[in-house]
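# Structural characterization, general
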Amino acid sequence: MNAPNASGWRPAMGEAGDHELPLATASGDKGLALEEKLIFELGRPGTCGVDMDEPAGAVVPGLSKFLRKAAPALPGLSEPETVRHYTRLSRQNYAIDLGPFPLGSCTMKHNPRLNEKVARFPGFADVHPLAPQRTVRGAYEVINELAHWLIELTGMHGVAMTPKAGAHGELCGLLCIKAAIEARGEDRKIILVPESAHGTNPATAAFAGFGVENIPANADGRVDLDALLVRLGPDVAGVMITNPNTCGLFERDMKAISDAVHAAGGYVYCDGANFNAVVGKVRPGDLGIDAMHINLHKTFSTPHGGGGPGSGPVVLSEALSPFGPLPFTAKGKDGVVHLIEEEDAAAYGHSQSFGRMAAFHGQMGMFTRALTYILSHGADGLRQVAEDAVLNANYVLRSLEDVLSAPFAKAGPCMHEALFSDDGLPDGFTTLDIAKGLIDEGFHPMTVYFPLVVHGAMLIEPTETESKDGLDRFITSMRSLAARARNVDPSLKTAPHHAPRRRLDETQAARKPVLTWKEAPAG
Ligand SMILES: *Cc1c(COP(=O)(O)O)cnc(C)c1O
């Protein structure tokens, strides 16, 4: 039972170092911590969840050569067995509805149930992208109203609603910059990106056909303004700057950076993934930003994780708006919101669009949820979101800085996330040990080893939806883990001990994933 299976995972029980744990059970389950086999291992040939008539036997003439020679390799389970299988698997999962996700950079906050209720109204949930315009006016009203709020909150000129994630929004913004530069007849091929940027930034710039150059950070974790100024010139198309940045710090020189980039003929892209920290407090338009994506699935509480779904509208300055993608919504002279496609774009003063980002109009379900969130909070509520998110992060920062090294804490308060490094940990103990220990404590680990500008980064973003009691529980666990590392507790090196699985060979799992199941040879 304890042999590694094909993917290198091991059941937790009975391994060396587990002496303090209860004895193995016959079932493999430990209380409510359930073991579960693959569905193919559970099934029995001939079992089926539904009653079906025997086929009549007649073979359609000419198709007999397609007759199956063997039964399909489907797992044979009854309905209750199938339901239990997936429910048991789901219990091995961690979810935002089970506990906090302190993942820095991800803004994993509570998803209010009101959002879900509204998104499920049939008028929103059942719309089809090809439905005749006159039958889905309400959906266009929602998109247009949300667009209005995003423009208002950011102080920008326009917004492209169709991008389907933050990274897709980055691409949209850079394609606008590219189109604007081409329209000026210039040849600018370089995008400058700070060292601390999210990996999507340089990837997007490269994907959009730009060369990428790094700008260094200064000692307090912000963009080195002097290094940036020196690099600006006629080959630079623009900069991509995250604000607040991925060290959880506000880029105080943002306006000076924008002014200098504009003076040198470039454009300013802002990665707005951290907008949660400043929504209602700071308008990116006032900082000279030309394009910024907003992750609705972060700042505006639409559910995310596991790769989707997302939504990444891009707000645009007056200079870039003419190049934004199609289609878009706009109120016509008849007072009704229309979806504007290519044939009508010129009439709405939008004839320079670079093209499309998606086949249809964007993520309707996310739009509905985000607008519900915005309207239920109101302007004052959104400002409080930012204030509470920042307060919570600073509470975590100040509650842990005496036990973990906090590289930029001396320079002042953080924004919405607190950054620690592995500097203070004793030899042999790493960020990974703290993260794995958190699993035993019943928490999802924080973001680890990002951003790259500090060694062994631990980036903790509590968000505004965690209470003080909840934060205190998390802090108690973190302090205990830091103390175990300080006391060179060997059991921390092999954590997690209480999870369904122990330490995985993550390299092996990423490089050689075992994605198929083969029946064991008979005998
Ligand atoms: C999440 C994130 C992105 C990418 O957004 P996706 O919606 O995941 O594509 C980009 N930059 C930063 C700083 C982020 O946190």
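The name recorded for the protein chain in an unreviewed UniProt entry is glycine dehydrogenase (aminomethyl-transferring), from Novosphingobium aquae. If you open the UniProt record of the protein chain and go to Function (unreviewed entry), you find "The glycine cleavage system catalyzes the degradation of glycine. The P protein binds the alpha-amino group of glycine through its pyridoxal phosphate cofactor; CO(2) is released and the remaining methylamine moiety is then transferred to the lipoamide cofactor of the H protein." Recorded in UniProt under Catalytic activity (unreviewed entry), the annotation for the protein chain is "N(6)-[(R)-lipoyl]-L-lysyl-[glycine-cleavage complex H protein] + glycine + H(+) = N(6)-[(R)-S(8)-aminomethyldihydrolipoyl]-L-lysyl-[glycine-cleavage complex H protein] + CO2".

Our focus in this paragraph is the pairing of strand β8 (residues 328-331). In this structure, β8 lies alongside strand β9 (residues 337-340), joined through four bridges in antiparallel fashion. Bridged to phenylalanine 328 within β9 is isoleucine 340. What sits between β8 and β9 in their antiparallel hairpin is a turn of five residues, with glycine 335 showing a positive phi close to 80°.

This brings us to the packing of aromatic side chains. In this structure the tally under the stated criterion is five aromatic pairs. Taken together, a centroid distance of 5.4 Å and an interplanar angle of 10° make the contact between phenylalanine 40 and tryptophan 517 stacked. Placement of phenylalanine 40 in helix α1 (residues 39-42) and of tryptophan 517 in the segment after α16 (506-511) is noted, with a sequence separation of 477 residues between them. Note on tyrosine 94 and phenylalanine 101: the rings are 5.3 Å apart at their centroids and 55° apart in plane angle, and the pair reads as tilted.

Another aspect to go through is the nonpolar core. Ranked by internal contacts, the top residues of the largest apolar core, which has 54 residues, are Leu146, Leu150 and Phe300. When contributions to this core are tallied by element, the ones reaching two or more residues are α5 (137-154), β2 (190-194), α8 (225-231), β4 (236-242), α9 (254-263), β5 (267-271), β9 and α12 (364-400). Counting residues per element, this core draws most heavily on α12, at ten residues. The residue makeup of this core includes at least three contributed by each of domain 2 (114-370) and domain 3 (380-511). When near neighbours in sequence (up to four residues on either side) are disregarded, leucine 146 contacts Met161, Leu296, Phe367, Ala370, Leu371 and Ile374. In terms of nonpolar packing, the next biggest core, distinct from the first, is built from 29 residues, Val403, Phe420, Leu425 and Ile460 among them.

What counts, and at which threshold
Residues numbered from 1 in each chain as written. Predicted model: local features only at pLDDT ≥ 70, side-chain atom pairs only at ≥ 80, totals over all residues. Heavy atoms only, no water. UniProt positions renumbered as here; feature names shortened; annotations may be inferred. Pairing = 2+ DSSP bridges. Helix = DSSP H or I, 4+ residues; strand = E, 2+ residues; numbered from the N terminus. Phe/Tyr/Trp six-rings, centres within 6.5 Å; stacked < 30°, edge-to-face > 60°. Core = buried A, V, L, I, M, F, W, Y, C linked by side-chain atoms within 4.5 Å. Buried < 20%, exposed > 50% of the residue type's maximum accessible area, 1.4 Å probe, protein only. Domains from an automatic or database assignment. Contact = heavy atoms within 4.5 Å.

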